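Structure at a glance
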Amino acid sequence: MKKVITSLHIPASVLFICCLFFLGRLDAQVTRFVDASRPDNSGAGTSWATAKRDIQAAINGANAGDQVWVKAGSYVPTLDPFGNATPANNRDKTFTLKEGVKVYGGFAGNETQLSQRNWRLNVTTLSGDLGVFNTLTDNSYHVVISVNLTSATVLDGFTITKGYATAPWQSSVTISGRVINRYKGAGVYNSHSSTQFTNLNITQNRADCTD
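Residues numbered from 1 in each chain as written. Predicted model: local features only at pLDDT ≥ 70, side-chain atom pairs only at ≥ 80, totals over all residues. Heavy atoms only, no water.

It is worth spelling out the overall build of the chain at this point. Summing up its helical and strand segments, the chain has two helices and 14 strands in all. Here the chain holds 211 residues, and 41% of them are scored as buried. Nonlocal contacts in the chain, meaning residues at least 24 apart in sequence, comprise 65% of its contacts between residues at least 6 apart. Summed over its atoms, the accessible surface of the chain is roughly 11,400 Å², and 55% of this surface lies on carbon and sulfur atoms. (Helix = DSSP H or I, 4+ residues; strand = E, 2+ residues; numbered from the N terminus. Buried < 20%, exposed > 50% of the residue type's maximum accessible area, 1.4 Å probe, protein only. Contact = heavy atoms within 4.5 Å. Areas by Shrake-Rupley, 256 points an atom, 1.4 Å probe, with all protein chains shown as cover.)

A full pass over the atoms with the stated rule returns six salt bridges. For lysine 71, the salt bridge is made with aspartate 35, and the minimal N-O distance between the two is 3.6 Å. Taken as a pair, lysine 71 in strand 2 (residues 67-71) and aspartate 35 in the loop between strand 1 (31-34) and helix 2 (55-61) lie far apart in primary sequence, 36 residues in all. Judged by relative accessible area, which is 24%, lysine 71 ranks as partly exposed. (Salt bridge = Lys/Arg side-chain N within 4 Å of Asp/Glu carboxyl O.)

Quick look at the sheet that holds strand 7 (residues 144-147) now. Here we have three strands laid out as an open sheet, ordered 4-7-12, and parallel in their pairing. Looking along the sheet, the strands with just one partner apiece sit at the ends: strand 4 (95-96) and strand 12 (188-191). Taken together, the two bridges between strand 4 and strand 7 define a ladder with parallel strand orientation. Within strand 7, the residue paired with threonine 96 across the bridge is isoleucine 145. (Pairing = 2+ DSSP bridges.)

As a further point, take the side chain of asparagine 122. As for its position among the elements, asparagine 122 is in the loop between strand 5 (102-107) and strand 6 (124-127). Ignoring sequence-local partners within four residues, the contact set of asparagine 122 consists of Ala72, Gly106, Phe107, Ala108 and Glu111.

Once that is clear, we can look at the nonpolar core. What tends to happen in soluble globular proteins is that the nonpolar side chains get buried as a cluster. One finds Ile55, Val68 and Leu126 to be the most contacted residues of the largest nonpolar core, which totals 19 residues. Listed by contribution, the elements that provide at least two residues to this core are helix 2, strand 2 and strand 8 (154-161). Apart from residues no more than four positions distant in its own chain, valine 68 is found in contact with Arg32, Val34, Ala58, Ile59, Ala62, Val101, Lys102, Val103 and Tyr104. (Core = buried A, V, L, I, M, F, W, Y, C linked by side-chain atoms within 4.5 Å.)

Structure (structure tokens):
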């Protein structure tokens, strides 16, 4: 004869632990802040008052589900896709997006809600102008790189400019198993990704194969 369970008793201590776990999962998603006027990246980055200076520092410290809010201003890449601040080829520096991290520009620097930002008014620029100002030939090959990412990843509310993907046809770098040609995708190089690119002004970027 089969036994029929008519009620199930779960100890209160187990329910309490489960609730704590659930709340912990909800609280795990945090907002990180970036402000180009900050002196360095020593701040915790968890408020406008403790914002990071560099976008990549905030992205690298974020987890899937986190948001990065970037204050209006101009930002240049500080690291190559492998985290090197002084790579063999300085032009490999780029803004490398991270799985599940949502990066938003267009903030005045006092907002508490995403809906309060105005990305048209608060112009936030990702620039490849790494070396001598307004000299193209020493600029980043790619201003932004997105490799093997899902649609949970977002880049929203930026002007992307002055990428200079000009290199010989054999010139490339391999990121997460994908060959990234240095003569393509000056503004945004999106490889095998479903990243959501929204509210972007991609302008004055140049790509060319030199042989």
